[in-house]
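Notes for the structure review
Read off the chains here:
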Amino acid sequence: MMGRSAEALELPEGSNLGSVFEHYASRQPRLREMASSIVAARNQEFAGLETPVADGDEVAFLPPVSGGTEHNFLEIHSGEHYFALTREAIDTRDVIARMLTGAEGAVVTFEGTVRNNTKGRPTRFLDYECYEGMALKTMAKIGCEVAGKHQVNRIAIVHRLGRMLIGETSVAIIVTSAHRRAAFEAALEGIDRLKKTVPIWKKEHFVDGEVWVEGEWDRDVPAVG
């Protein structure tokens, strides 16, 4: 929207995220129009407009998630759990192999795949972009919370970025557990929370046009307006 991925900004002492937002909204009226669906982040953590900013802070204003980087692969290991962003095809069998210990009674794999239409409108392919560092940290936070809540052994969340063709996997959530119910429930909660909280965006390319998909933030994430 601003025409660039990053910009340095000098602000007077005592400024907050609201000051930063006003600076850019005055230059791009469309930003103010979308305020009710945009959320703010400081140093890769969601924050309200009243949050103070200091020298060296990283600030972002994020449109609704839906689902460009120079890196092909980024990953985090959090205890026994695994989280990654990749521009390569997701190999779920490889991820499962690294998770198995022999104590599992269930392995549940959810794969989100690219379908050939949206509400009957033929789709050619999808592009996914994200706010990398924050996306990976948020995926790890969700995964660890879900694993603790459902008392599963291990969880892995892998999301692909870049261009995906029909039938390819865009996201995989894999859960291992002693019992199947916990694994199914953890996988379902994981994908539901990812879709509304992780800053990843989807562009759909149709035979007659293209559009960035506007999703919906989780109700606990405060909008800027």
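As a reminder, the structure under discussion sits directly above these lines.
Residues numbered from 1 in each chain as written. Predicted model: local features only at pLDDT ≥ 70, side-chain atom pairs only at ≥ 80, totals over all residues. Heavy atoms only, no water.

1. Here's the deal with the environment of Asp57
How we decide: A run of H or I in DSSP counts as a helix once it spans at least four residues, and a run of E counts as a strand once it spans at least two, with each numbered from the N terminus. Buried means the residue's accessible area, taken with a 1.4 Å probe over protein chains only, is under 20% of the maximum for its type, while exposed means over 50%, and partly exposed covers the values in between. Any two residues having at least one pair of non-hydrogen atoms within 4.5 Å are treated as being in contact. Between N or O atoms, a polar contact is any pair within 3.5 Å; within protein, one atom must be a potential hydrogen donor and the other a potential acceptor, and residues adjacent in sequence are included only when both atoms are from side chains.
Relative to the assigned elements, Asp57 resides in the loop between strand E2 (45-47) and strand E3 (59-62). By relative accessible area, which is 24% here, Asp57 ends up partly exposed. Spatially, the C-alpha atoms of Asp57 and Asn43 are 6.0 Å apart, while their sequence positions differ by 14 residues. What Asp57 contacts, discounting residues up to four positions off in sequence, is Arg42, Asn43 and Pro52. Here the side chain of Asp57 touches Arg42 through a polar contact of 3.5 Å, side chain to side chain.

2. Quick word on the side chain of Lys203
Structurally, Lys203 is set in strand E12 (residues 200-206). Using a relative accessible area of 17% as the deciding quantity, one classes Lys203 as buried. Engagement of the side chain of Lys203 in a polar contact is seen with the side chain of Glu210, the distance being 2.9 Å. Residue contacts for Lys203: discarding those within four places in its chain leaves Phe125, Leu126, Asp127, Glu210, Val211 and Trp212.

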